[in-house]
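Residues per chain are reported as follows:
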Amino acid sequence: MEETPEEKAAREAKEVEEKALAEQKAKEKAEAQAKADAEAKAKAEAEAKAKAEAKAKEESVPREHKSALKKAEQYAKTMHMSKAGIYDQLTSEYGENFPADAAQYAINNIVFDWKENALKKAKSYADMMSMSNSAIYDQLISEYGEKFTKEEAQYAIDNLE
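Now for a look at the structure at hand.

What counts as what
- Residues numbered from 1 in each chain as written.
- Predicted model: local features only at pLDDT ≥ 70, side-chain atom pairs only at ≥ 80, totals over all residues.
- Heavy atoms only, no water.
- Buried < 20%, exposed > 50% of the residue type's maximum accessible area, 1.4 Å probe, protein only.
- Helix = DSSP H or I, 4+ residues; strand = E, 2+ residues; numbered from the N terminus.
- Arc of directions from axis to C-beta.
- Contact = heavy atoms within 4.5 Å.
- Phe/Tyr/Trp six-rings, centres within 6.5 Å; stacked < 30°, edge-to-face > 60°.
- Axes fitted to C-alpha atoms, helices over the stretch in contact; angles between N-to-C directions.
- Parallel < 35°, antiparallel > 145°, perpendicular 65-115°, else oblique.
- Left-handed = near helix turned anticlockwise from the far one by under 90°.
- Core = buried A, V, L, I, M, F, W, Y, C linked by side-chain atoms within 4.5 Å.

Moving on, we come to helix H4 (residues 100–109). Listed as buried for H4 are Ala102, Ala103, Ala106 and Ile107. In an axial view of H4, the angular spread of the buried residues amounts to 135°, which keeps them on one side of the axis. On its buried face, H4 sits against helix H2 (63–79) and helix H3 (83–91).

Given below as C-alpha coordinates:
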(Lines give C-alpha, C1' and ligand atoms only; values in the text may rest on other atoms or scores of the structure.)
Protein backbone atom coordinates (compact mmCIF):
# COMPACT_ATOMS: atom_id res chain seq x y z
CA MET A 1 0.00 0.00 0.00
CA GLU A 2 1.33 3.36 -1.01
CA GLU A 3 1.53 6.33 1.33
CA THR A 4 -0.85 9.13 0.94
CA PRO A 5 0.65 12.58 0.44
CA GLU A 6 -0.43 13.48 3.98
CA GLU A 7 1.25 10.38 5.41
CA LYS A 8 4.38 11.07 3.37
CA ALA A 9 4.47 14.69 4.58
CA ALA A 10 3.91 13.57 8.19
CA ARG A 11 6.68 10.94 7.91
CA GLU A 12 9.11 13.43 6.35
CA ALA A 13 8.24 16.03 8.99
CA LYS A 14 8.86 13.44 11.70
CA GLU A 15 12.23 12.49 10.11
CA VAL A 16 13.24 16.15 9.92
CA GLU A 17 12.23 16.63 13.55
CA GLU A 18 14.16 13.51 14.66
CA LYS A 19 17.22 14.64 12.69
CA ALA A 20 17.04 18.12 14.25
CA LEU A 21 16.68 16.58 17.72
CA ALA A 22 19.67 14.28 17.12
CA GLU A 23 21.73 17.23 15.87
CA GLN A 24 20.73 19.27 18.96
CA LYS A 25 21.72 16.40 21.26
CA ALA A 26 25.04 16.01 19.43
CA LYS A 27 25.66 19.76 19.72
CA GLU A 28 24.85 19.73 23.45
CA LYS A 29 27.11 16.72 23.98
CA ALA A 30 29.97 18.43 22.10
CA GLU A 31 29.47 21.62 24.13
CA ALA A 32 29.45 19.67 27.40
CA GLN A 33 32.64 17.85 26.36
CA ALA A 34 34.29 21.14 25.38
CA LYS A 35 33.32 22.62 28.75
CA ALA A 36 34.65 19.57 30.61
CA ASP A 37 37.88 19.71 28.62
CA ALA A 38 38.28 23.42 29.39
CA GLU A 39 37.65 22.82 33.10
CA ALA A 40 40.16 19.95 33.14
CA LYS A 41 42.72 22.11 31.38
CA ALA A 42 42.15 24.98 33.82
CA LYS A 43 42.46 22.60 36.77
CA ALA A 44 45.69 21.11 35.40
CA GLU A 45 47.10 24.60 34.80
CA ALA A 46 46.16 25.65 38.35
CA GLU A 47 47.79 22.53 39.79
CA ALA A 48 50.94 23.10 37.73
CA LYS A 49 51.06 26.72 38.87
CA ALA A 50 50.59 25.69 42.52
CA LYS A 51 53.37 23.10 42.21
CA ALA A 52 55.68 25.64 40.59
CA GLU A 53 54.94 28.18 43.32
CA ALA A 54 55.50 25.57 46.03
CA LYS A 55 58.79 24.54 44.43
CA ALA A 56 59.90 28.16 44.11
CA LYS A 57 58.92 28.78 47.75
CA GLU A 58 60.81 25.68 48.89
CA GLU A 59 63.86 26.63 46.86
CA SER A 60 63.82 30.07 48.47
CA VAL A 61 63.96 28.54 51.97
CA PRO A 62 67.51 28.62 53.35
CA ARG A 63 69.23 25.28 53.79
CA GLU A 64 69.54 25.79 57.53
CA HIS A 65 65.78 26.33 57.86
CA LYS A 66 65.12 23.09 55.96
CA SER A 67 67.58 21.29 58.22
CA ALA A 68 65.87 22.63 61.33
CA LEU A 69 62.52 21.41 60.03
CA LYS A 70 63.94 17.96 59.27
CA LYS A 71 65.48 17.77 62.75
CA ALA A 72 62.19 18.94 64.33
CA GLU A 73 60.33 16.17 62.52
CA GLN A 74 62.84 13.62 63.83
CA TYR A 75 62.39 14.83 67.42
CA ALA A 76 58.61 14.80 67.10
CA LYS A 77 58.52 11.33 65.55
CA THR A 78 61.16 9.50 67.59
CA MET A 79 61.18 11.28 70.95
CA HIS A 80 57.51 12.39 71.03
CA MET A 81 58.47 15.92 72.01
CA SER A 82 56.21 18.98 72.23
CA LYS A 83 56.48 22.00 69.95
CA ALA A 84 58.02 24.11 72.72
CA GLY A 85 60.40 21.32 73.68
CA ILE A 86 61.53 20.94 70.07
CA TYR A 87 62.04 24.69 69.67
CA ASP A 88 64.20 24.75 72.81
CA GLN A 89 66.21 21.74 71.62
CA LEU A 90 66.74 23.30 68.20
CA THR A 91 67.97 26.61 69.62
CA SER A 92 69.92 25.29 72.61
CA GLU A 93 73.67 25.70 72.55
CA TYR A 94 73.72 22.23 74.14
CA GLY A 95 71.34 20.89 71.51
CA GLU A 96 71.22 21.69 67.82
CA ASN A 97 72.29 25.35 68.10
CA PHE A 98 70.12 26.53 65.19
CA PRO A 99 69.43 30.26 64.93
CA ALA A 100 66.04 31.32 66.32
CA ASP A 101 64.64 32.12 62.86
CA ALA A 102 65.48 28.63 61.57
CA ALA A 103 63.92 27.01 64.63
CA GLN A 104 60.82 29.18 64.30
CA TYR A 105 60.53 28.24 60.63
CA ALA A 106 60.62 24.58 61.67
CA ILE A 107 57.96 25.06 64.34
CA ASN A 108 55.74 27.03 61.95
CA ASN A 109 55.99 24.39 59.22
CA ILE A 110 55.98 21.08 61.06
CA VAL A 111 52.75 19.12 60.74
CA PHE A 112 52.29 16.74 63.61
CA ASP A 113 49.68 15.39 66.02
CA TRP A 114 50.87 17.00 69.26
CA LYS A 115 48.11 15.43 71.36
CA GLU A 116 49.24 12.01 70.20
CA ASN A 117 52.82 12.89 71.10
CA ALA A 118 51.70 13.94 74.59
CA LEU A 119 49.87 10.63 74.93
CA LYS A 120 52.93 8.62 73.85
CA LYS A 121 55.12 10.55 76.28
CA ALA A 122 52.54 10.02 79.06
CA LYS A 123 52.46 6.28 78.35
CA SER A 124 56.25 6.10 78.65
CA TYR A 125 56.10 7.86 82.06
CA ALA A 126 53.30 5.54 83.20
CA ASP A 127 55.02 2.36 81.97
CA MET A 128 58.66 3.07 82.78
CA MET A 129 58.35 5.17 85.91
CA SER A 130 54.97 4.07 87.29
CA MET A 131 53.95 7.70 87.81
CA SER A 132 50.48 8.84 88.86
CA ASN A 133 48.25 10.67 86.39
CA SER A 134 48.69 13.88 88.36
CA ALA A 135 52.49 13.61 88.28
CA ILE A 136 52.46 12.76 84.58
CA TYR A 137 50.23 15.77 83.84
CA ASP A 138 52.55 18.05 85.80
CA GLN A 139 55.58 16.67 83.97
CA LEU A 140 53.91 17.10 80.59
CA ILE A 141 53.10 20.79 81.14
CA SER A 142 56.16 21.76 83.19
CA GLU A 143 58.46 24.43 81.77
CA TYR A 144 61.27 22.25 83.14
CA GLY A 145 59.71 19.11 81.70
CA GLU A 146 58.00 18.36 78.42
CA LYS A 147 56.33 21.75 77.77
CA PHE A 148 53.13 20.40 76.25
CA THR A 149 50.07 22.63 76.34
CA LYS A 150 47.51 22.00 79.07
CA GLU A 151 45.06 20.81 76.39
CA GLU A 152 47.59 18.32 74.99
CA ALA A 153 48.47 17.06 78.47
CA GLN A 154 44.82 16.66 79.43
CA TYR A 155 44.19 14.71 76.24
CA ALA A 156 47.06 12.42 77.18
CA ILE A 157 45.76 11.83 80.70
CA ASP A 158 42.21 11.28 79.45
CA ASN A 159 43.44 8.65 76.99
CA LEU A 160 45.93 6.72 79.11
CA GLU A 161 44.95 3.06 79.35
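Let us look at the packing of aromatic side chains. All told, the structure shown has one aromatic pair when counted by the stated rule. Relative to tryptophan 114, the ring of phenylalanine 112 has its centre 5.6 Å away and its plane inclined at 45°; by these criteria the two rings are tilted. Owing to a relative accessible area of 9%, tryptophan 114 belongs among the buried residues under this scheme.

Take unusual backbone geometry next. Despite not being glycine, histidine 80 has its phi angle at roughly 55°, a positive value. Inspection of the secondary structure puts histidine 80 in the loop between H2 and H3.

The N-to-C vectors of H2 and H4 enclose an angle of 55°; their axes lie 8 Å apart at closest approach. As far as their axial angle goes, H4 and H2 are oblique. As for the relative orientation of H2 and H4, their crossing is right-handed in sense. Side by side, H2 and H4 meet where Glu64, His65, Lys66, Ala68, Leu69 and Ala72 of the first sit next to Asp101, Ala102, Ala103, Tyr105, Ala106 and Asn109 of the second.

This part takes up the nonpolar core. Grouped together as the largest cluster of nonpolar side chains are 15 residues, with contacts concentrated most on Ala72, Ile86, Leu90, Ala106 and Ile110. For this core, the secondary-structure elements that each account for two or more residues are H2, H3 and H4. Per-element accounting of this core gives the leading share, five residues, to H2. Alanine 106 has contacts with Ala68, Leu69, Ala72 and Leu90, leaving out every residue within four places of it along the chain. Counting twelve residues, the second-largest nonpolar core is a separate cluster that includes Leu119, Tyr137, Phe148 and Ala153.

What follows covers the side chain of asparagine 117. As for its position among the elements, asparagine 117 is in helix H5 (residues 114–129). Aside from chain neighbours lying at most four places away, what touches asparagine 117 is Ala76, His80, Met81, Phe112 and Phe148.

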